[in-house]
Amino acid sequence: MATETSIACLTAHAAAELLRRGEISSVELTQAVLERIAELEPKIHAYLLVTAEDALEQARRADEKLAQARRSGERASPLQGVPMTIKDVISTQGVTTTAGSRVLENFVPVYDAAVIEKLKAAGAHLIGKTNLDEFAMGSSTENSGYGVTRNPWDLERVPGGSSGGSAAAMAADEGIFALGTDTGGSVRQPASLTSTVGLRPSYGRVSRWGVIAFASSLDQVGPMTKDVRDAALILNIIAGHDARDATTVDVPVPNYLDALETRDWRLKGMRVGVPREYFVEGMAREVEAALRAAIAHLEALGAEIHAVSLPHTEYALPTYYILAPAEASANLARYDGVKYGPRADVPGDVWDVMRATRGRGFGAEVKRRIMLGTYALSAGYYDAYYVKAQKVRTLIKRDFDAAFDKVDVLVSAASPVPPFRIGERVDDPLQMYLADVFTLAQPLAGIPAICIPAGFSAGLPVGMQIMARAFEEEKMLRVAYAYEQTTEWHKRKPQLA
Ligand code: GLN
């Protein structure tokens, strides 16, 4: 039985170091993670698919490369021999990729997403694909076509979403590091609900090539990890311009680990803004208390705390829920049973087949979004909804521009509430949408944000979100790292015996 001392508990940077030194082997590490998965999956269901055999084969090859590097005195690739846990909305060559949808039940991509290519080139190997809300639409992973994922901190509660599988896998040490995607909070909100780290990069920082699209102007891939150092390490590898994704920006990628090269946690001169609009009615008292304490901690580290205002914050939610469904309605038009996935075998013409395929293949939330989006884009309503929402999006972005003229980073909660109970919100879409109030504005503005462990409320995780100006991930990483290294929250692990 895997125990708390299993090497599955390792972070990617620690594991890579032990692998390089030959103190553990990749086969041992991969085996330890597989054991942990075998032990805990009946309870948690973080994974949709575990590629055990192939992972062990890759691990054997990695061990050869590691031995070779040691013999020749070269430094092995940064993630050589480290298994990776990937949200099932990211294409993996030869490995079923479902986007959590029955409409893609049997879809096997013929190529790797750009981020997977990069991680493999850095020496990592796939260990499995994780559960998510169908097409990444949701905040609890309950909208998956393949069952719910449970929060390792309380099995009756949700792990957040849509990257709930990756987050749960990190919290339960059923993996070493993971990727998620974040359109409106899907990396950060599950990190908050599982006491793990989730980083949403600036829009255009990371290639979306090979990532199944939800809302293309908002989607970004982000690291989901056990600590801040791993978030920086993984971002280093996946960031950068990609000619196959025209929205990636061709600006130099700094070494994000440099932002962490300090033993001095003082945040002297760091200007931290606290947006007053992020303390809303409906926010749990304990979440607010944890956040206030975290802000006081940053101040004690030497940061200057400034009250700031982002006046258009209240419009982020309605704006997002017009634009994201509008883009989704276009992106999801391709799932018709002709090009991908299972086809409904019904009598009639091609339209009947497509209607039946989509009717059976898509879940309720996806259908709701397609209808909302189609409506917002229809001739008579386009100006009233879609165009108006685009204008408000600009105002939201300007709020952040103005704030970042005065401060280096902004901090807030990432989720207004600790993990909620499975079933509690699933039949009430508006309640579910409110789970994202704090994580929708940043994607609309294209800015990066990270969520890190910042406390507990009755044993349930509370996270802190740190935001920065676009392409200034280093600043938020520095603040996140200083906070992490001077607090103990990230060391707590759920009791899963
Ligand atoms: N929960 C939000 C939604 O349902 C965000 C999802 C995401 O970031 N992929 O759209």
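Definitions and limits used
Starting from 1, residues in each chain are numbered consecutively following that chain's sequence as written. Owing to the predicted nature of the model, reporting of local features is limited to residues with pLDDT of at least 70; listing and counting of side-chain atom pairs is limited to 80 or more, with chain, interface and lining totals taken over all residues. Processing note: side-chain calculations cover all non-hydrogen atoms of the structure and skip hydrogens and water entirely. For this analysis, a nonpolar core means a set of buried residues of the types Ala, Val, Leu, Ile, Met, Phe, Trp, Tyr and Cys, connected via side-chain atoms within 4.5 Å. Categorising residues by exposure relies on relative accessible area from a 1.4 Å probe, with only protein chains included: less than 20% of the type maximum marks a residue as buried, more than 50% marks it as exposed, and the intermediate range marks it as partly exposed. Working rule for contacts: check all heavy atoms of both residues, and any pair within 4.5 Å makes them a contact. Stacked, tilted and edge-to-face pairs are distinguished by plane angle, under 30 degrees for stacked and over 60 for edge-to-face with tilted covering the rest, among Phe, Tyr and Trp rings (Trp via its six-membered ring) whose centres lie within 6.5 Å. Numbering of helices and strands runs from the N terminus, with a helix taken as a DSSP run of H or I at least four residues long and a strand as a DSSP run of E at least two residues long. The rule for a charge over a ring is simple: NZ of Lys or CZ of Arg within 6 Å of the ring centre, and within 35 degrees of the ring normal. Across the chain, each position has a pLDDT score giving the predictor's confidence in that residue, from 0 to 100. The cutoff for a nearby residue is simple: one of its non-hydrogen atoms must lie within 4 Å of the molecule or strand. Side-chain atoms alone can form a polar contact between residues adjacent in sequence; in general such a contact is a pair of N or O atoms within 3.5 Å, and within protein one must be able to donate a hydrogen while the other accepts it. What sets the accessible areas is the Shrake-Rupley method with a 1.4 Å probe; for residues, cover comes only from the shown protein chains. Polar here means any residue other than Ala, Val, Leu, Ile, Met, Phe, Trp, Tyr, Cys and Pro, which are nonpolar, and Asp, Glu, Lys and Arg, which are charged; Gly is therefore polar. For helices, the axis comes from a line fit to the C-alpha atoms of the stretch in contact; other axes are also lines fit to C-alpha atoms, and the angle between any two N-to-C directions lies between 0 and 180 degrees. Roughly parallel covers angles under 35 degrees, roughly antiparallel covers those over 145, roughly perpendicular covers 65 to 115, and oblique covers all other angles.

1. Considering the nonpolar core
If you look at the biggest cluster of nonpolar residues, it comprises 152 residues, and the most contacted ones within it are L79, F135 and F400. If sequence neighbours within four positions are ignored, L79 has contacts with A12, L119, A122, G123, A124, F177, L233, I234 and I237.

2. Let's talk about the packing of aromatic side chains
Following the criterion strictly, the structure yields 16 aromatic pairs and no others. Ring plane angle 20° and centroid distance 6.3 Å describe the contact between F400 and F404, whose orientation is recorded as stacked. Here F400 pairs with F404, and both are found in helix α12 (residues 382–406), just four residues apart, close to one helical turn. F404 carries the same exposure label as F400, and that label is buried. Taken together through their ring pairs, the aromatic side chains of F107, F135, Y335, Y340 and F362 make up a single cluster. One cation-aromatic arrangement involves R425 over F420; the distance from NZ or CZ to the ring centre is 4.6 Å.

3. Focus on the confidence of the model for the protein
When pLDDT is averaged across the protein, the result is 96; 99% of the residues are at 70 or more. Here helix α13 (residues 429–434) stands out as the element of the protein with the lowest mean pLDDT, 89, in contrast to strand β2 (residues 83–87), whose mean of 99 is the highest.

4. Observations concerning the side chain of S139
Of note, S139 is situated in the loop between β3 (125–130) and α5 (164–171). Judged by its relative accessible area of 1%, S139 falls in the buried class. Beyond its immediate chain neighbours, meaning those up to four positions away, S139 contacts D133, G160, G161, Q189, F420, M432, A435 and D436.

5. Digging into the site of the ligand
Near the ligand, the surroundings consist of 15 residues, among which T183, G184, S186, Y320 and R369 are the closest. Separating a nitrogen atom of the ligand from a backbone N or O atom of G138 is a distance of 2.8 Å. Within the backbone of G185, one N or O atom sits 3.3 Å away from an oxygen atom of the ligand. Within the complex, the protein chains bury 100% of what would otherwise be the 290 Å² of accessible surface of the ligand. Residues that form the shell around the ligand fall into these classes: five nonpolar, seven polar and three charged.

6. Concerning the packing of helix α9 (residues 316–331) against helix α11 (residues 364–377)
Close contact between α9 and α11 brings their axes to 7 Å; oriented N to C, the two are set at 100°. Here α9 is positioned roughly perpendicular relative to α11, judged by the angle of their axes. When α9 is examined against α11, the residues Y321, I322, P325, A326 and S329 are found in contact with a partner set consisting of R369, I370, L372, G373, T374, A376 and L377. Its residues placed into classes, the contact of α9 with α11 shows eight nonpolar, three polar and one charged.

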